[in-house]
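# Observations on the model geometry
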Amino acid sequence: MRLLFASLLILSIIKVFAQDAHIEINSQVWKPFIKNFNGCNTPAFMAMNSKDAVRSPRDAKTIWNWDQYNKEQAAGDLEDRRLKRKRTLGLHFTEHIVNGNLVFDGGVYRTTYLLANGKTKNYFGRFHVVMPKEKGVCKILVDTDSSGGGTIGEKEFLAGKAME
């Protein structure tokens, strides 16, 4: 009986620490990431990334370092502002692993574009991100995503867990 009680207590403590870590990561990374992506704010968006960041939009079969990522993000932000497109990013998580100062998050994103003509267009993909803490703050070191050849959609997005 004591062993059962001790096991339940330990599992409860682990769950609380995991939830606290996820809340901290959402606050440090994901909420500002979404805000700055949606707002086409390249400098603030890129500040979420380590200067050693590696970005791989796998559908394009490419890998960027921080400088190239910054250049590509700035071009995309400029184009969306020029075309008066508004975008809304949503993230649903399927994986969350914390090991000390190292975090791995994975899930499905949905980016909804509101076009100048009033129509909307959704894009979906799976993402995987590795984030070490730098000076006590999580920074994105590795960021990959893929649409899975167009096989990822609303069903996969809704199967993940929304951000708390």
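That block above? That's the structure.
This write-up is about the structure you can find in this document. All residue numbers refer to positions counted from 1 along the written sequence of the respective chain. Given that the model is predicted, a residue must reach a pLDDT of at least 70 before its local features are reported, and side-chain atom pairs must reach 80 or more before they are shown or counted; all residues, however, enter totals for whole chains, interfaces and linings. Excluded from the side-chain calculation are hydrogens and water; included are all heavy atoms of the structure.

With that settled, consider helix H3 (residues 66-82). The α-helix winds at 3.6 residues per turn, so residues separated by three or four positions along the chain end up facing the same way. For H3, built from 17 residues, the straight-helix expectation of 24 Å at 1.5 Å per residue is met to within 8% by its first-to-last C-alpha distance of 24 Å. Here's how the labels work: a residue is buried when its accessible area is under 20% of the maximum for its type, exposed when over 50%, partly exposed in between, all with a 1.4 Å probe on protein chains only. Numbering goes from the N terminus for both helices and strands, where a helix is a DSSP run of H or I of at least four residues and a strand is a run of E of at least two. Every buried residue belonging to H3 is among Trp66, Tyr69, Gln73, Asp77 and Asp80, and all of these are buried. For H3, the arc enclosing every buried residue in end-on projection is 65°, short of the 170-degree limit, so these residues lie on one face. Summarising the geometry of H3, the exposed residues directed more than 90 degrees from the buried face are Asp67, Lys71, Leu78 and Arg82. Expected helix span is given by 1.5 Å per residue-to-residue step, counting one fewer step than there are residues. As used here, the arc is the angular range of directions from the helix axis to the C-beta atoms.

Phi at Cys40 is positive, roughly 55°, even though this residue is not glycine. Mapped onto the fold, Cys40 is located in the loop between helix H1 (2-38) and helix H2 (42-46). A positive phi is found at Lys61, a non-glycine position, where the angle reads about 55°. Relative to the assigned elements, Lys61 resides in the loop between strand S1 (49-57) and strand S2 (64-65).

This brings us to the environment of Ser146. Along the chain, Ser146 falls in strand S7 (residues 140-146). Only heavy atoms enter the contact rule, under which two residues are in contact if any of them lie within 4.5 Å. Those residues in contact with Ser146, other than ones at most four positions away along the chain, are Arg58, Asp59, Gly125, Arg126 and Ile152. Between N or O atoms, a polar contact is any pair within 3.5 Å; within protein, one atom must be a potential hydrogen donor and the other a potential acceptor, and residues adjacent in sequence are included only when both atoms are from side chains. In terms of polar contacts, Ser146 uses its side chain to reach the backbone amide nitrogen of Gly148, at 3.0 Å.

Take the packing of aromatic side chains next. For this analysis, a ring pair means two rings from Phe, Tyr or Trp (six-membered ring only for Trp) whose centres lie within 6.5 Å, classed as stacked if their planes differ by under 30 degrees, edge-to-face if by over 60, and tilted for the remaining angles. Counted under the stated rule, the structure contains 10 aromatic pairs. Centre to centre, the rings of Trp30 and Phe33 are 5.3 Å apart; their planes meet at 75°, and the pair counts as edge-to-face. Remark: Phe33 and Trp30 occur in helix H1; sequence separation between them is three residues, near one turn of the helix. Phe33 matches Trp30 in its accessibility class, with the two residues each being buried.

What follows concerns the environment of Met163. With respect to the element layout, Met163 can be found in the segment after strand S8 (161-162). In this structure the C-alpha to C-alpha distance between Met163 and Leu91, which are 72 residues apart in sequence, comes to 6.9 Å. Among all residues touching Met163, those that are not within four sequence positions of it are Asn26, Trp30, Lys31, Ile34, Leu91 and Phe93.

The next thing to look at is the pairing of strand S4 (residues 102-114). As defined by bridge partners, strand S3 (residues 86-99) adjoins S4 across 13 bridges and the pair is classed as antiparallel. By the bridge assignment, Val98 is partnered in S4 with Val103. A pair of strands is labelled paired if DSSP reports no fewer than 2 bridges between them. Joining the antiparallel neighbours S3 and S4 is a turn of two residues, in which Gly100 adopts a positive phi near 65°. Bridge count between S4 and strand S5 (residues 120-134): 13 bridges; the pairing is antiparallel. Bridge assignment links Val108 to a residue of S5, and that residue is Arg126. Adjacent in sequence and paired antiparallel, S4 and S5 are bridged by five residues, among which Gly118 carries a positive phi angle near 90°.

Relative to the elements of secondary structure, Ser56 occurs in strand S1. Side-chain polar atoms of Ser56 contact the backbone oxygen of Thr62, separated by 2.9 Å. Apart from the residues within four sequence positions on either side, Ser56 is in contact with Thr62, Ile63, Asp143, Thr144 and Asp145.

By nonpolar core we mean a set of buried residues, namely Ala, Val, Leu, Ile, Met, Phe, Trp, Tyr and Cys, connected to one another through side-chain atoms within 4.5 Å. By size, the foremost hydrophobic cluster in this structure holds 22 residues, and its most contacted members are Ile25, Val29, Trp30, Leu89, Leu91, Phe127 and Met131. Mapped by element, the contributors of at least two residues to this core are H1, H2, H3, S3, S4 and S5. At six residues, H1 tops the list of elements feeding residues into this core. Here Met131 is in contact with Ile25, Val29, Trp30, Asn101, Leu102, Val103, Asp105, Cys138, Lys139, Ile140 and Leu141, once residues within four sequence places are set aside.

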